[in-house]
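# Breakdown of the fold
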Amino acid sequence: MSFQAPKGTFDWLPPRSERVLAVREALVAPLRLAGYGYVETPVFEDTELFKRGVGESTDVVSKEMYTFPDRAGRSLTLRPEGTASVVRAVLQHNLHTGQLPVKLWYSGSQFRYERAQKGRYRHFWQVGAEALGSEDPALDAELIVLGARGFASLGLRQVRLLVNSLGDKNCRPAYRAALQEFLRGLDLDEDTRARIEINPLRVLDDKRPEVQAQLTGAPLVVDHLCAACKSYHEEVRSLLTASGVAFEDDPRLVRGLDYYTRTTFEFVHGGLGSQSAVGGGGRYDGLSEMLGGPPLPSVGWALGVDRTYLAMEAEGLLDEAAPGRVQVYGVPLGDDARRRMFLLVSELREAGISADMAFGGKGLKGAMKGADRSGARFALILGERDLAAEAVQLKDLTTAEQTEVPLAQVADVLKGKVQ
Ligand code: AMP
């Protein structure tokens, strides 16, 4: 074979591709019920948008972006995440001057030049939701509940929800300073030392055991929250409890950028090894201003569709055989029968019955093999003699029972059987 999909990417093929579409739909359904509207933004944006909107000190921006000049010399980047684009679209089209919060959802490809491994790809799918322009703990809780409902609706039982608060512009600076002071006293490499000065919260997120071991006594943001942040967080937590959504407080859960404030959360799955996050999000009250807009306190999340699929596999939720590709499969014998079958399958499709037929002039044996492979419950066998009698042989492929049905009645008869 001459070409392969690029490293870190893969193809979704039937029947898995159909199932992953259903997974995506299930993650979106709770959002629709809550009045979130669909937004589609370009797959590439001005590079500067992500530099500002994701942050230059993040790995995503400093190491993982697919950036290229277009023919006019503009620097463009394939989107590595959805939030910056959504905020850009809201500001550009003045949606924030209407009713608030603006509630939007999106779904699509994201691109990050990451070290590829199971569950971590260079091209992956997310479903995301953003609620912009409102500072209300009920909105944070709403989004978390909607994410949890999506996972639960797929039958997933091993998704854990971790929550934390990062404070706000009043209490975070003092915490940041306390954390920096603590971190400066540790035995860390050059790069990590530099990070302490730019983005100390990210150091807490360092997964290396030798770093984690030194972080045991690190000051925690929960111990530095101001009264307003504390009561906001309590309200989010009590709304989650009242909704019956189980969560765990994780005082070490962080997002490293200054415009992330207050609520932060992650959904993790126990069956995925090191790439355990199936979704995450939080409040980003400062992002609009970073992008040149007015203050627009907002909250959002992104769920990983590929990883959700892997989580379902890990829980054995995809074990049963995939449903058949079609319900009915046409087996025409001879040229005249083929022409008539072509019309018959069209007629069935118009009646809402999924139907396919043997192409390529196959004989009875080859065509029946096609019927089996299609997963169809019924085959329609049409020979010269049937044609003359204006009838077709309807074969139930599960029982091998065969009956003759007049051509004019096939759709009606099948409708009674396949629905
Ligand atoms: P993030 O935008 O990094 O907060 O990621 C949100 C979710 O997207 C994560 O919880 C993952 O489920 C998924 N995700 C992020 N990066 C990748 C990747 N490289 N490959 C597959 N899924 C990813």
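Residues numbered from 1 in each chain as written. Predicted model: local features only at pLDDT ≥ 70, side-chain atom pairs only at ≥ 80, totals over all residues. Heavy atoms only, no water.

An unreviewed UniProt entry lists the protein chain under the name Histidine--tRNA ligase, from Nonomuraea spiralis. Checking UniProt for the protein chain, the heading Catalytic activity (unreviewed entry) contains the comment "tRNA(His) + L-histidine + ATP = L-histidyl-tRNA(His) + AMP + diphosphate + H(+)". For the record of the protein chain, the UniProt heading Sequence similarities (unreviewed entry) holds the text "Belongs to the class-II aminoacyl-tRNA synthetase family." (UniProt positions renumbered as here; feature names shortened; annotations may be inferred.)

### A short note on helix H6 (residues 172-184)
For H6, which comprises 13 residues, the first-to-last C-alpha distance of 18 Å matches the rise-based estimate of 18 Å (1.5 Å per residue) to within 8%. Taken together, the buried positions of H6 are occupied by Arg 172, Tyr 175, Leu 179, Gln 180 and Leu 183. Taken down its axis, H6 places every buried residue within 135° of arc, on the same side. Among the exposed residues of H6, those pointing more than 90 degrees away from its buried face are Ala 174 and Glu 181. Packing partners of the buried residues in H6 comprise helix H7 (190-198), helix H8 (200-204) and strand S9 (261-269). (Helix = DSSP H or I, 4+ residues; strand = E, 2+ residues; numbered from the N terminus. Expected span 1.5 Å × (residues − 1). Buried < 20%, exposed > 50% of the residue type's maximum accessible area, 1.4 Å probe, protein only. Arc of directions from axis to C-beta. Contact = heavy atoms within 4.5 Å.)

### Some thoughts on the environment of Gln 275
With respect to the helices and strands, the residue Gln 275 is situated in the loop between S9 and strand S10 (277-283). Look at Gln 275 and you get buried, because its relative accessible area is 12%. With 131 residues separating them in the primary sequence, Gln 275 and Ile 144 have C-alpha atoms 20 Å apart. Here Ser 274 takes part through its side chain, which lies 3.4 Å from a polar atom of the side chain of Gln 275. A distance of 3.3 Å separates a polar atom in the side chain of Gln 275 from a polar atom in the side chain of Arg 307. (Polar contact = N/O pair within 3.5 Å; in protein donor to acceptor, adjacent residues only side chain to side chain.)

### Structural notes on the site of the ligand
Of all residues adjacent to the ligand, which total 14 residues, the nearest are Arg 112, Glu 114, Tyr 121, Gln 126 and Ala 277. Contact distances for the ligand include 2.5 Å between a nitrogen atom and a side-chain N or O atom of Glu 114. Contacts to the ligand include Gln 126, whose side-chain N or O atom sits 3.0 Å from an oxygen atom. The protein chains hide 87% of the 490 Å² of surface that the ligand would expose on its own. For the shell around the ligand, the elements supplying multiple residues, two or more each, are strand S6 (123-132), S10 and strand S11 (298-304). For the shell around the ligand, the element with the highest residue contribution is S10, accounting for three residues. (Near = heavy atom within 4 Å. Areas by Shrake-Rupley, 256 points an atom, 1.4 Å probe, with all protein chains shown as cover.)

### Some details on the pattern of salt bridges
The final tally for this structure, using the stated rule, is 22 salt bridges. Measuring nitrogen to oxygen at the nearest pair gives 3.9 Å for the salt bridge that ties Arg 202 to Asp 59. A residue pair is termed long-range when its members are at least 10 positions apart, and Arg 202 in helix H8 and Asp 59 in helix H3 (residues 59-63) qualify at 143 residues. A relative accessible area of 22% places Arg 202 in the partly exposed class. On the basis of relative accessibility, which here comes to 23%, the residue Asp 59 falls in the partly exposed class. Across the salt bridge formed by Asp 70 and Arg 74, the nearest N and O atoms sit 2.7 Å from each other. Among the ionic contacts, a cluster of salt bridges with common partners joins Asp 59, Lys 63 and Arg 202. (Salt bridge = Lys/Arg side-chain N within 4 Å of Asp/Glu carboxyl O.)

### Digging into the packing of H6 against H7
Contact geometry for H6 and H7: axes closest at 9 Å, N-to-C directions at 160°. Relative to H7, the element H6 lies roughly antiparallel. Seen along the crossing, H6 lies across H7 with a hand that is left-handed. On H7, the residues touching Arg 176, Gln 180, Leu 183 and Arg 184 of H6 are Arg 193, Ile 196, Glu 197 and Ile 198. Grouping the amino acids of the contact of H6 with H7 by side-chain chemistry returns three nonpolar, one polar and four charged. (Axes fitted to C-alpha atoms, helices over the stretch in contact; angles between N-to-C directions. Parallel < 35°, antiparallel > 145°, perpendicular 65-115°, else oblique. Left-handed = near helix turned anticlockwise from the far one by under 90°. Nonpolar A, V, L, I, M, F, W, Y, C, P; charged D, E, K, R; others polar.)

### Let's talk about helix H14 (residues 364-374)
Inspection of H14 places Ala 367, Met 368, Gly 370, Ala 371 and Ser 374 among the buried residues, and these make up the whole buried set. The buried residues of H14 occupy an angular sector of 150° when projected down its axis, which confines them to one face. Along H14, exposed side chains directed more than 90 degrees from the buried face belong to Lys 365, Asp 372 and Arg 373. Buried-residue contacts for H14 involve strand S12 (328-332), strand S14 (378-382) and strand S15 (391-396). Just beyond H14, the residue with positive phi is Gly 375, at close to 80°.

### A short note on the pairing of S11
Of all seven residues making up S11, seven are buried, and the element is well covered by its neighbours. Two elements, S10 and S11, share five bridges in a ladder whose sense is antiparallel. Along S11, the bridge assignment pairs Gly 279 with Leu 303. (Pairing = 2+ DSSP bridges.)

### Some details on the side chain of Arg 79
Here Arg 79 lies in the loop between strand S4 (75-78) and helix H4 (83-92). There is no salt bridge for the buried Arg 79, and the closest opposite charge comes from Glu 40, which lies 5.4 Å off by N-O distance. Here the side chain of Arg 79 touches Thr 41 through a polar contact of 3.3 Å, landing on its backbone oxygen. Discounting chain neighbours no more than four positions away, the residues touching Arg 79 are Thr 41, Pro 42, Val 43, Phe 44, Phe 50, Gly 108, Ser 109, Gln 110 and Phe 111. (Lys, Arg positive; Asp, Glu negative; His and termini not counted.)

### Looking at the packing of aromatic side chains
A full pass over the atoms with the stated rule returns eight aromatic pairs. Taking the centre distance of 5.3 Å and the plane angle of 65° together, the rings of Phe 10 and Trp 12 count as edge-to-face. According to the relative accessible area criterion, Phe 10 is partly exposed, its value standing at 28%. Where Phe 265 meets Phe 267, the ring centres are 6.2 Å apart and the plane angle is 75°; that geometry is what we call edge-to-face. The side chain of Arg 122 reaches across the aromatic face of Tyr 113, ending 4.0 Å from its centre. (Phe/Tyr/Trp six-rings, centres within 6.5 Å; stacked < 30°, edge-to-face > 60°. Lys NZ or Arg CZ within 6 Å of the ring centre and 35° of its normal.)

### Remarks on the sheet that holds S9
Strand order in the open sheet formed by eight strands is S1-S5-S6-S11-S10-S9-S7-S8, with mixed pairing between adjacent strands. The sheet is open, and its two edges are formed by strand S1 (37-38) and strand S8 (248-249), each paired on a single side. Bridging between S9 and S10 involves six bridges; their strand directions are antiparallel. Of the residues in S10, the one forming a bridge with Thr 261 is Arg 283.

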